[in-house]
Amino acid sequence: MAGRFTPRTHTPGRPPRATAPHPRPPARTRTRVWVTSKGPLDLPLVLGPLRRGPADPTYRTTPDGAVWRTSRTPAGPATLRVTATRDTAHAEAWGEGAEWMLDQLPAMLGELDNPEAFEPRHRLVAETHRTRPGLRLTRTGLVLESLIPSVLEQKVTATEAYRAWRLLVRGFGEPAPGGAPEGMYVMPDARAWAMIPSWEWHRAGVDSKRSDTIMRAVRVARRMEEAVAMDQEAAAARLKVIPGIGPWTAAETLQRAIGAPDLVTVGDLHLPGIIGHALAGNRRADDAEMLTLLAPYAGQRHRAARLILLSGRTPPRRAPRFQPNNIAPL
């Protein structure tokens, strides 16, 4: 892409201009200690939905129990490291968006969630609710960082979507600021997403329908981010204005961005069968039956679905795992 890299040629007779970047000053570490009022903290349970596959360059867990995240905040790129002991979170942040990330920490760890409003109606749900007291719905306050990987997950396997996200973030994002583990990156900003050439989308295995949807979304990125200040119905309507973003993508995005407790992922290939099997013994349930089964949890249907998934009560597999094709060599 023209202008992306410094030219290697120079005027004859003159020494080549130095291209080495100036060293950046060490990123300042900002810290925060926060005590929750919602009971025990379970970081993997709360922040796990933000991870897009085992090799996500924006999310990492380390043997000391810390969760590392990178984000493209309104103030700039940031790296966050969080550890928790019972009800207390210890956070460190680096980068231009460090203060923003620390301000957002309580919401990210579920402080704005209202689990007390949930009342189990099925024995399976009640048992999982009892054994998972640390479940909170995260709220990142950022739309694009959840919207783009959700679009990449449309109509493909998780393996294909995770690969595309990994390649695009590493190829067009920037290294994580501060003391992040090696290999972590901050996702590209809206302009950088819009500048990705078509062949790079193809190389990452992303078809034109999904890449075009992302292009349309990033061109109105500011309007998309305004959804975090709306209720879940208005926020979903805002996202679905973009052609290519339907109920499935809107729900997957807003469950993470605003912690929407009642947005159910309809249109999913597996979720209706899992919920139908767990609550009614019907692995062939469709969206309509799933919504009927979740009706007693009106206002908290997403939380109920999370608890059902966490129960492990899934229908047994009856066919070999689907082997996706890679379109990159085509």
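Scroll up to find the structure this text is about.
These remarks concern the structure in this document. (Residues numbered from 1 in each chain as written. Predicted model: local features only at pLDDT ≥ 70, side-chain atom pairs only at ≥ 80, totals over all residues. Heavy atoms only, no water.)

Thoughts on the overall build of the protein
Of the regular secondary structure elements, the protein holds 14 helices and seven strands. Split into buried and exposed, the 330 residues of the protein put 46% on the buried side. The long-range share in the protein, meaning contacts at least 24 apart out of those at least 6 apart in sequence, stands at 66%. When the accessible surface of the protein is split by element, carbon and sulfur atoms take 53% of a total near 17200 Å². (Helix = DSSP H or I, 4+ residues; strand = E, 2+ residues; numbered from the N terminus. Buried < 20%, exposed > 50% of the residue type's maximum accessible area, 1.4 Å probe, protein only. Contact = heavy atoms within 4.5 Å. Areas by Shrake-Rupley, 256 points an atom, 1.4 Å probe, with all protein chains shown as cover.)

Here we look at the pairing of strand 4 (residues 76-85)
Among the 10 residues in strand 4, eight count as buried, and that is most of the element. As paired strands, strand 3 (residues 67-73) and strand 4 are joined by seven bridges and run antiparallel to one another. Following the sheet pairing, Arg 72 is matched in strand 4 by Pro 77. Between the end of strand 3 and the start of strand 4, which pair antiparallel, lie two residues. Summarising the sheet, strand 4 and strand 5 (residues 88-94) pair through seven bridges and their orientation is antiparallel. By the bridge assignment, Val 82 is partnered in strand 5 with Ala 91. Counting the residues between successive antiparallel strands, the hairpin from strand 4 to strand 5 contains two residues, one of them, Arg 86, with a positive phi of roughly 55°. (Pairing = 2+ DSSP bridges.)

A word on the packing of aromatic side chains
On inspection of all chains with the given rule, the structure shows four aromatic pairs. Relative to Tyr 297, the ring of Phe 118 lies with its centre 5.4 Å away and its plane at 15°, an arrangement referred to as stacked. You can see Phe 118 sitting in the loop between helix 2 (98-108) and helix 3 (123-131) and its partner Tyr 297 sitting in the loop between helix 13 (287-294) and helix 14 (301-311), a full 179 residues away along the chain. Both residues of the pair, Phe 118 and Tyr 297, count as buried. A ring pair is formed by Trp 193 and Trp 201, whose centres lie 6.1 Å apart and whose planes are at 25°; its orientation type is stacked. Taken individually, Trp 193 and Trp 201 each receive the classification buried, so the pair is uniform in this respect. Taken together, the ring pairs in this structure connect Trp 165, Trp 193 and Trp 201 into an aromatic cluster. (Phe/Tyr/Trp six-rings, centres within 6.5 Å; stacked < 30°, edge-to-face > 60°.)

Remarks on the packing of helix 4 (residues 144-152) against helix 5 (residues 158-172)
Relative orientation of the contacting elements helix 4 and helix 5 amounts to 130°, with a least axis distance of 8 Å. Considered as vectors, helix 4 and helix 5 are oriented oblique to each other. Each of Glu 145, Ile 148, Pro 149 and Leu 152 in helix 4 lies in contact with helix 5, whose residues at this interface are Ala 161, Ala 164, Trp 165 and Leu 168. Its residues assigned to classes, the contact of helix 4 with helix 5 shows seven nonpolar, no polar and one charged. (Axes fitted to C-alpha atoms, helices over the stretch in contact; angles between N-to-C directions. Parallel < 35°, antiparallel > 145°, perpendicular 65-115°, else oblique. Nonpolar A, V, L, I, M, F, W, Y, C, P; charged D, E, K, R; others polar.)

Remarks on the environment of Leu 307
Mapped onto the fold, Leu 307 is located in helix 14. With a relative accessible area of 0%, Leu 307 lands in the buried category. Sequence separation between Leu 307 and Arg 132 is 175 residues, and the spatial gap between their C-alpha atoms is 8.3 Å. Look past the residues within four positions of Leu 307 in its chain and what remains in contact with it is Phe 118, Val 125, Thr 128, His 129 and Leu 135.

Some words on the pattern of salt bridges
When the charged atoms of two side chains lie near each other, side chains of opposite charge can form a pair. Tallying each qualifying case throughout the model produces 16 salt bridges. With its nearest N and O atoms 3.0 Å apart, the salt bridge here joins Glu 226 to Arg 222. The residue Arg 256 makes a salt bridge to Glu 252 at a minimum N-O spacing of 3.2 Å. A residue pair is termed a helical-turn pair when its members lie 3 or 4 positions apart in one helix, as Arg 256 and Glu 252 do in helix 11 (residues 247-257) at four residues. An identical accessibility class is assigned to Arg 256 and Glu 252; each is buried. A cluster of three or more residues bridged by salt bridges with shared partners is formed by Arg 222, Arg 223, Glu 226 and Arg 238. (Salt bridge = Lys/Arg side-chain N within 4 Å of Asp/Glu carboxyl O.)

What to know about helix 5
Helix length check: helix 5 (15 residues) gives 21 Å between terminal C-alpha atoms against 21 Å at 1.5 Å per residue, within 8%. Turning to helix 5, its buried residues number three or more, namely Ala 161, Ala 164, Trp 165, Leu 168, Val 169 and Phe 172. The buried residues of helix 5 occupy an angular sector of 115° when the element is viewed end-on, so they sit on one face. (Expected span 1.5 Å × (residues − 1). Arc of directions from axis to C-beta.)

Everything listed here is a matter of coordinates, which is why it stays silent on function.
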